[in-house]
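# Close look at the chain arrangement
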Amino acid sequence: MEDQSQQEQASLAVRKRVQDSFDLQGLMAHLGARLAHVGPGRVHIVLPARPEVTQQHGYVHAGATSAIADSAGGYAALTLFSEDSEVLTVEYKINLLAAAAGDHLEAIGTVLKPGRTLTVCQLEVYGVQPDGARKLVANGQQTLIRVNRSTE
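Residues numbered from 1 in each chain as written. Predicted model: local features only at pLDDT ≥ 70, side-chain atom pairs only at ≥ 80, totals over all residues. Heavy atoms only, no water.

## A closer look at the pattern of salt bridges
- Inspection of every chain in the model, using the stated rule, returns four salt bridges.
- Aspartate 20 is the salt-bridge partner of lysine 16, the closest N and O atoms lying 2.6 Å from each other. Here lysine 16 and its partner aspartate 20 are both found in helix 1 (residues 12–23), four residues apart, which amounts to about one turn of the helix.
- Glutamate 52 is the salt-bridge partner of arginine 50, the closest N and O atoms lying 3.3 Å from each other. (Salt bridge = Lys/Arg side-chain N within 4 Å of Asp/Glu carboxyl O. Helix = DSSP H or I, 4+ residues; strand = E, 2+ residues; numbered from the N terminus.)

## Section: the sheet that holds strand 1 (residues 34–39)
- Taken together, the six strands give an open sheet; going across it, the order is 1-2-4-5-6-3, and neighbouring strands pair in antiparallel fashion. With one partner strand each, in any of the chains shown, strand 1 and strand 3 (85–96) form the two edges of the open sheet. Taken over all neighbouring pairs, the strand axes of this sheet differ in orientation by 20° on average, direction set aside.
- Inspection of the sheet shows strand 4 (residues 104–113) paired to strand 5 (residues 118–128) by nine bridges, in the antiparallel sense. Looking across to strand 5, one finds that lysine 113 is bridged to valine 120.
- Sitting on the sheet, helix 1 touches strand 1, strand 2 (42–48) and strand 3, and the angle it makes with strand 1 is about 155°. (Pairing = 2+ DSSP bridges. Axes fitted to C-alpha atoms, helices over the stretch in contact; angles between N-to-C directions. Contact = heavy atoms within 4.5 Å.)

## Here we look at the nonpolar core
- By size, the foremost hydrophobic cluster in this structure holds 36 residues, and its most contacted members are Ile45, Leu47, Ile68, Leu105 and Val125.
- Setting aside anything within four residues of it in sequence, one finds isoleucine 68 in contact with Met28, Ala33, Ile45, Leu47, Leu105, Ala107 and Val125. (Core = buried A, V, L, I, M, F, W, Y, C linked by side-chain atoms within 4.5 Å. Buried < 20%, exposed > 50% of the residue type's maximum accessible area, 1.4 Å probe, protein only.)

## What to know about the layout of surface pockets
- In this structure, the largest pocket encloses a volume near 220 Å³.
- What lines the largest pocket is simply Ser21, Gln25, Asp70, Ser71, Gly74, Tyr75, Leu78, Glu86, Val87, Leu88, Thr89 and Leu144.
- No other element matches helix 3 (residues 62–78), which puts five residues into the lining of the largest pocket.
- Here the lining of the largest pocket is composed, by residue class, of five nonpolar, five polar and two charged. (1 Å grid on protein atoms, 1.4 Å probe; cavity = no way out; pocket = protein on both sides within 12 Å on 5 of 7 lines; lining within 4 Å. Points joined across faces, edges and corners; volume = space filled by probe spheres on them. Nonpolar A, V, L, I, M, F, W, Y, C, P; charged D, E, K, R; others polar.)

## Side note on the pairing of strand 2
- Where burial is concerned, most of strand 2 is hidden: six out of the seven residues are buried.
- Bridging between strand 1 and strand 2 involves five bridges; their strand directions are antiparallel. Opposite leucine 35, over in strand 2, you have isoleucine 45 as the bridge partner.
- Bridge count between strand 2 and strand 4: seven bridges; the pairing is antiparallel. Paired with histidine 44 across the strands is isoleucine 108, a residue of strand 4.

## A short note on the side chain of glutamate 106
- Tracing the backbone through its elements, the reader meets glutamate 106 in strand 4.
- Using a relative accessible area of 11% as the deciding quantity, one classes glutamate 106 as buried.
- Leaving out residues up to four positions away in the same chain, glutamate 106 has contacts with His44, Ile45, Val46, Glu124, Val125, Tyr126, Val128 and Arg134.

## Some words on helix 1
- With twelve residues, helix 1 extends 16 Å between its outermost C-alpha atoms, agreeing within 8% with the 16 Å of an ideal straight helix rising 1.5 Å per residue.
- Among the residues of helix 1, those classed as buried are Val14, Arg17, Val18, Ser21 and Phe22. What you see down the axis of helix 1 is that its buried residues fit within an arc of 130°, all on one side. Residues of helix 1 that are exposed and angled more than 90 degrees away from the buried face: Leu12, Ala13, Lys16 and Asp23.
- Structurally, helix 1 contributes buried residues whose contacts are with helix 2 (26–31), strand 1, strand 2, helix 3 and strand 3. (Expected span 1.5 Å × (residues − 1). Arc of directions from axis to C-beta.)

By themselves these figures say nothing about function.
See the structure below:
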């Protein structure tokens, strides 16, 4: 049975703040990624498998896989901070476990340890088949720093 916290939705205000920020990301738009779930400390991003995001063997490129993982973790952290905060990635490590194949990829960022300054997230990316079968294709860990939103 799936953990209840995995399906819990963030407040409408938090979901809107995350969506508004996500919409400003040129790379996510360029890749064709979209937010699929925004919960407290947990965000899912879906990336459809298309020729534009593949490498030479037809699998989703590691760069695209890593990018959606990084964004999922960043937004997971952002859900736990006040509206005057932003987050930036300090570092992340990703292990590519299997060829990124499927109808789409789903990246899941989950906050492991929130902090006043640094936050640590778990990153997972699944290849999802048209029938819903899922395979873990990448996992990693990320450290983010909370910064005050610019008033410029």
